[in-house]
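As a plain string of letters, each chain reads:
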Amino acid sequence: MSQIKKKILIIGAGFGGLQVIKSLANNNSFEITVVDKKNHHLFQPLLYQVATAVLSPADIAIPSRSITTKFKNVKILLGDVTEIDFKNRTVKFQNNSESYDYLVLATGARTSYFGNNAWKEKTLGLKNLKDALAIRRRILLSFEQAELIGNYEKAKSFMHYVIIGGGPTGVELAGSIAELSHNIIRKDFRNIDSGMTKVTLIEAGPRLLTAFNEKSSQFTKEKLESRGVEVLTNSPVLDITDTGVILKDRTIESKTVIWAAGVEGSELAKNLPINKDKANRIIVDEYCRTFEFPEVFVIGDAANYSSGLPRPLPGVSPVAMQQGRYVAKVIETIEKKKSISPFHYFDKGNMATIGRTDAVAEFGKIRLKGILGWLGWLFVHLVYQVGFKNKVSTLLSWVWSYLTFRAGSRLIQEEMDELSIRP
């Protein structure tokens, strides 16, 4: 008599979901179904390099099916989940439904505007490949528009880039845009000098990179400023318009405003009848389970895990990966009818790049900055990137960019009538 397999349904194939899959792969006790609205696993920490034309999308994404080809007990379905029936343990998507014994929600997060939803239409976020390509398109088009105008005073709003949010994403974008405009493409134009581009990084709090040591934050600020980035701290945004950003003491004119200031739970998480925090992250217990349904686990950016902690765990990939491996072990342990232990996060530190050869990295009491921080950042990101081809192509792209000060992914793919280039 064949064994009845338990059905595990995973929503989302990001860092957390992928770890659950890998941990339970080829375990004949389980039948695993993964539902994701994208067909690829995305290495989000490098999105900013796609946005600034250093890397192409294929360098940081790999088809989910290619990861699970050898996992005979794993089924991938492309779909956008619209409803979860917790009572009957079914999930609905694309006019289909799947039942489950265990459900893992790894739906990630989306950009949060802290209640100012009108700003969404005035800014560009950075959470997925579509966002990154939209930013890249806007940046490249802005230089083309400035070149057509041919006069800096008339074109300066096109050549002024504003990033809101002084966390790692904001810092990395600011440094990369400054490097692109001041160095990489400076010889490519005839009517304008891209070196006159202005980059402004705005942070509402007193310093950049608040999760880092104060010395690392100060080092980051100084290095950004040495690259020509204007850093404004203690500067909460009052409003964002079609022409720029309004602060308490000034108005900044810009055609390109990038929002990197906050995240919240996914649209699916927001609509579920489960206890959530103000950012729509689902509150979980010490075993990464919802309080309402013990067979439902939530991991990564979708979860508010604060059991025994002064504040919830941050929305970073190491948290999601560790929770994914933990949840897989918990499910196996439960099926063996053994007792389970609470989740404990091992903090592997923080990292952020500032620009070519400059980064800050903190591993416990070890703090690296400058070239050492950059080498540490490079090594860690290559190690954790999924797919051999991606690692090789990414490394080659970085080496090429490093040695030649070139960015090889500067393509605008739209037809001319779609570009709407106007002075």
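It should be emphasised that the depicted structure is a prediction, and the values quoted were computed from it without experimental measurement.

Moving on: the sheet that holds strand E23 (residues 358-363). Strand order in the open sheet formed by three strands is E22-E23-E24, and the pairing between neighbours is antiparallel. Only two strands of the sheet have a single neighbouring strand rather than two, namely strand E22 (350-355) and strand E24 (366-370). Direction aside, the axes of adjacent strands within the sheet are offset by 5 degrees on average. Of the strand pairs in this sheet, E23 and E24 are connected by five bridges, and their pairing is antiparallel. By the bridge assignment for E24, Val360 is matched with Lys369.

An order of E6-E7-E8 is seen for the three strands of this open sheet, with the pairing classed as antiparallel. Two strands close off the open sheet at either side, each with one partner strand: strand E6 (81-85) and strand E8 (96-99). Adjacent strand axes in the sheet meet at a mean angle of 20 degrees, parallel and antiparallel pairs treated alike. Of the strand pairs in this sheet, strand E7 (residues 90-93) and E8 are connected by four bridges, and their pairing is antiparallel. Directly across from Val91, in E8, lies its bridge partner Glu98.

Quick look at the nonpolar core now. Within the largest apolar cluster, 57 residues are counted, with the highest numbers of intra-cluster contacts made by Ile60, Leu126, Ile163, Leu201, Leu224, Val229 and Trp377. Looking at which domains feed residues into this core, each of domain 1 (6-37 + 79-111 + 263-336) and domain 2 (117-261 + 349-408) gives three or more. When near neighbours in sequence (up to four residues on either side) are disregarded, Leu201 contacts Ile163, Gly165, Gly166, Gly170, Val171, Ala174, Leu208, Leu224, Val229, Glu230, Val231 and Leu232. Counting 51 residues, the second largest nonpolar core, distinct from the first, contains Ala25, Leu272, Phe297 and Ala302.

Cut-offs used in this document
- Residues numbered from 1 in each chain as written.
- Predicted model: local features only at pLDDT ≥ 70, side-chain atom pairs only at ≥ 80, totals over all residues.
- Heavy atoms only, no water.
- Pairing = 2+ DSSP bridges.
- Helix = DSSP H or I, 4+ residues; strand = E, 2+ residues; numbered from the N terminus.
- Axes fitted to C-alpha atoms, helices over the stretch in contact; angles between N-to-C directions.
- Core = buried A, V, L, I, M, F, W, Y, C linked by side-chain atoms within 4.5 Å.
- Buried < 20%, exposed > 50% of the residue type's maximum accessible area, 1.4 Å probe, protein only.
- Domains from an automatic or database assignment.
- Contact = heavy atoms within 4.5 Å.

These results come straight from atomic positions and should not be treated as a statement about function.
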